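So the chains spell out like this:
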Amino acid sequence: MADPIESHVDLAALPKEERLSRMRHSAAHVLAEAMVELMPEAELGIGPPIDTGFYYDFRLPRPLNADDLVWLEERMRRSIAGKHAFRMSALTKAEAEAKWAAQPFKLDLLKDLEEGNVTQCTHAAFTDLCRGGHVNDTGEIPAFKLMSIAGAYWRGSEKNPQLQRVYGALFESQDELDAYEQQLEEARRRDHRRIGRDLKLFDLIENIGPGHVIWLPAGATIRRELMRWIEDLEIERGYQHIVTPNVGKKELYVRSGHWSHYQEAMYPIMEREGEIYALRPMNCPSHIMVYESELHSYRELPIRLAELGNMHRWEKSGQLTGMSRVRIMTLNDSHIFCTGPEQVEEEIAGVLHLMEEVYGTLGLRNYSYRLSLGDPDDKEKYVDNPPMWEMGEALLRRVMQQSGLEFYEAKGEAAFYGPKIDVQFQTAAGKDETLVTIQVDFHLPAQFELEYVAEDGTRQRPIIVHRGVLSTMERMVALLIEEYEGNFPLWLSPVQAVVIPIADRHVAYAEEVAKELRAAKLRVEVDGRNERMNGKIRDAQMRKIPYMLVVGDREAEARAAAVRVRGGGDLGATPVVDIVAKLRGERDAKALVPGVFKDA
RNA sequence: GCCUCCGUGGCUCAGUUGGCAGAGCAGCCGUUUCGUAAAUGGCAGGUCGUCGGUUCGAGUCCGACCGGAGGCUCCA
């Protein structure tokens, strides 16, 4: 017989997070109640709270549709209006197994529960296996909305059956729920796929193949500016740039371990004249070949080999997303060959500094550092060498602690050959995405039997630091589009200024103005179309061009232009020489917002 | 890859119960020569993602495939 458990809770006294979590979890119960009424054959999975609400997983006799969501939500609201109490009680394992005999997922959950630890929760006519964490009665469930239907594997493993997941949003007030929906709308506005098309930055053409980015002239300009910039920063820091091929022989990848650990993520293999080639999924093996091609002295190390190298990965079709998840990408990559742990620490500290500088200049703020660890139990995913993992993880942890930067740790997120520091960004849609990684690698040096000649003449094994800073050009530009909402800083703007002649007779002068700006390597267009000035301004605004230089009779007379800043600011008539100086200064300072920069 | 949904000119969308493919913007040709977010007239543009099926007849119904979106799994 079930024993009741006292579970009254004073919601107002709880921290908001705990209160919300109880409300969300309770709402999931009410969703399940509604679902078993809609489809009595429904098999129940789990229904936890999440950041924005809750979900519940079900195996159902048929696919859910939008009308079902409307019905379920209605039914939930009735249950909420009924103010049914949530009652927790304990039962024995045997009782529970009998009770959920027809519920395979509940039985699966029960297997992991210890006797004496089995509890259930009842509200209205519905009882679910549950460890608790509810509000007192359904009436305490506040503003919510069923959002979407999705597929999800039972217990998150693709080896298990796939269930239908219903997502709900839930907040304490209707205002907060409305704000959340507005936030989703805002995310859609900032979506790099939409802006990328509107501003003609990039394209994905069906016949070229999914995940294969076409950089249109405007996008290619942004990409080129970023690449020039990062290469210059690297040169200042002692990096040497190399260029290596996009393909390599099978033997190279067998030796690196990619063949056995990474092959399903590689493009199909090529074969000719009895030789097998692969499109490279990573640049490390090629860079190692460069290191290996000569004998190195400890005096040369650290050797920092860098390349804006192309990588080719057969991402699963369902995983491709605009420019942020693609199949062919260009990574701002480098491999730093170090003599030992001390040098590794110094080098990683240097990389972290560079990251802070680069992200600071780009105005990026929503990121955090994650120490991604291996999983000793997962011998399939990771190379099996426990001491190597322990050494690498301890080393990275020490560097992060010394850097003074905040970080958190995550198990099972490492690369197959070693632990890493991931830079995690929040996308416009609120999702966490890895931008770049820093990895310590003892594995590849061993695989390739790399050496350097130490001070005492002996041969020693170097340690490799793998690192990106700007990430792949694809993912970085996707992120920047969303960050700036397409309003790029002057230095990155594909077109930095458009000269707008008021009438046809001003076109010649407009060309002269443009010529002066171009002499300063500014990217300028003249809008000589047969349009009214208002129309040209509107078009320039929509194209998010930082500066509009309006020229009419008065300006032509004074060798000036009326300067309008993107967003509406009017700087008034300004001599062309001053405009050139101002834009140059703003560009070279990489100012984030046009019109604000003041020349020192 | 898996689950659900979606696919009509370059873009955004309309298209009744299956009955002759439409609009706005963009483009092109004119007219207008204009002072800070859309002047105006005309023209052109679509094998309705592809292939197959049902039907007298398919944009519309069915199937497969391709592509996209949201999830799951995986990852820069």
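Note that the structure is predicted; figures quoted are calculated from it, not measured.

Sorry, what's going on with the protein's contact with RNA strand B here?
Lining the immediate environment of RNA strand B, one finds 56 residues, of which Gln162, Ser317, Gln319, Thr434 and Asn530 sit closest. Backbone atoms, meaning sugar and phosphate, make up 51% of the atoms of RNA strand B lying within 4 Å of the protein. One nitrogen or oxygen atom from the side chain of Lys420 is found 2.8 Å from a phosphate oxygen belonging to RNA strand B. When residues of the surface near RNA strand B are traced back to their parent elements, those giving at least two are β8 (143-153), β9 (162-171), α6 (192-198), β21 (432-441), β24 (463-472), α16 (533-542), α17 (553-558) and β28 (560-565). In terms of residues, the surface near RNA strand B owes the most to one element, α16, which gives six residues. Residues that form the surface near RNA strand B fall into these classes: 18 nonpolar, 17 polar and 21 charged.

Whenever I open this one, the sheet that holds β21 confuses me. Can you help?
Note: strands within a sheet are paired through backbone hydrogen bonds, in either parallel or antiparallel orientation. Spatially, the eight strands line up as an open sheet ordered β12-β16-β17-β24-β21-β20-β18-β19, and their pairing is mixed. The sheet is open, and its two edges are formed by β12 (240-241) and β19 (407-411), each paired on a single side. In the packing of helix α7 (residues 217-236) onto the sheet, the strands contacted are β12, β16 (303-312), β17 (328-338) and β24, and the crossing angle to β24 comes to about 145 degrees. Across the face of the sheet, helix α10 (residues 284-292) comes into contact with β16, β17 and β24 while running at roughly 145 degrees to β16.

What am I meant to see in the pattern of salt bridges here?
For side chains bearing opposite charge, pairing can occur when the charged atoms are close. Taken as a whole, this structure holds 47 salt bridges when the rule is applied. Glu18 is paired through a salt bridge with Arg22; the nearest N and O atoms lie 2.8 Å apart. With Glu18 and Arg22 both in helix α1 (residues 16-38) and four residues apart, this pair spans about one turn of that helix. Overall, the relative accessible area of 31% leaves Glu18 in the partly exposed class. Between Glu186 and Arg189 there is a salt bridge whose closest N-O contact spans 2.3 Å. Residue Glu186 and its partner Arg189 are located together in helix α5 (residues 174-190), separated by three residues, close to a single helical turn. We classify Glu186 as partly exposed; its relative accessible area is 25%. One continuous salt-bridge network, built from bridges that share partners, spans Lys16, Arg19, Glu172 and Glu176.

How should unusual backbone geometry be read in this particular structure?
Most peptide bonds adopt trans geometry, and most residues besides glycine take a negative phi value. Between Leu301 and Pro302 the backbone carries a cis peptide bond, its omega angle lying at 0 degrees. Backbone geometry places Ala124, a non-glycine residue, at a positive phi of 50 degrees. Its location among the elements puts Ala124 in the loop between β6 (119-123) and β7 (126-129). In this model, Lys590 sits at a positive phi of 55 degrees, which is unusual for a non-glycine residue. Residue placement: Lys590 occurs in the segment after α18 (576-588).

Help me out: how do you make sense of the pairing of strand β25 (residues 497-501) in this one?
On any regular strand, side chains alternate: one points to one face of the sheet, the next to the other face. The buried fraction of β25 is high, at five of five residues. Judged by which residues are buried, β25 turns out to be covered on both faces: Ala497, Val499 and Pro501 on one side and Val498 and Ile500 on the other are all buried. Sheet topology note: the β25/strand β26 (residues 524-526) ladder contains three bridges and is parallel. When the bridges of β26 are listed, Val498 appears paired with Glu525. Where the polypeptide runs from β25 across helix α15 (residues 507-519) and back to β26, its parallel neighbour, the crossover connection is right-handed. Pairing between β25 and strand β27 (residues 547-551): five bridges, direction parallel. Bridge assignment links Ala497 to a residue of β27, and that residue is Tyr547.

I tried to follow the domain arrangement of chain A on my own but got confused; where do I start?
Interface size, as often reported, equals the accessible area lost upon joining of the parts. Under the domain assignment used here, chain A contains domain 1 (3-183), domain 2 (221-473) and domain 3 (490-588). Domain 1 and domain 3 are separated by 59 Å when their C-alpha centres are compared.

What should I look at first to understand the sheet that holds strand β14 (residues 270-272) in this one?
Spatially, three strands are ordered β13-β15-β14 in an open sheet, and the strand pairing comes out antiparallel. Taken across any chain shown, the strands that pair with only one partner, and hence form the sheet edges, are β13 (247-249) and β14. This sheet shows a mean twist of 35 degrees between the axes of neighbouring strands, independent of strand direction. Judged from the three bridges that link them, β14 and strand β15 (residues 275-279) form a sheet pairing that is antiparallel. Within β15, the position partnered with Arg272 by the bridge is Glu275.

Would you mind showing me how to read the pairing of β17 here?
With ten of eleven residues buried, β17 lies mostly within the body of the structure. Of the pairings in the sheet, the one linking β16 to β17 comprises ten bridges and is antiparallel in character. Residue pairing in the sheet places Met311 in a bridge with Met329 of β17. Strand direction decides the pairing type here: β17 and β24, joined by seven bridges, are antiparallel. Bridge pairing links Phe337 to Ile464 in β24.

Conventions we followed
Residues numbered from 1 in each chain as written. Chains lettered and ligands numbered in written order. Predicted model: local features only at pLDDT ≥ 70, side-chain atom pairs only at ≥ 80, totals over all residues. Heavy atoms only, no water. Near = heavy atom within 4 Å. Polar contact = N/O pair within 3.5 Å; in protein donor to acceptor, adjacent residues only side chain to side chain. Helix = DSSP H or I, 4+ residues; strand = E, 2+ residues; numbered from the N terminus. Nonpolar A, V, L, I, M, F, W, Y, C, P; charged D, E, K, R; others polar. Pairing = 2+ DSSP bridges. Contact = heavy atoms within 4.5 Å. Axes fitted to C-alpha atoms, helices over the stretch in contact; angles between N-to-C directions. Salt bridge = Lys/Arg side-chain N within 4 Å of Asp/Glu carboxyl O. Buried < 20%, exposed > 50% of the residue type's maximum accessible area, 1.4 Å probe, protein only. Right-handed = clockwise from strand over helix to strand, strands pointing away. Domains from an automatic or database assignment.

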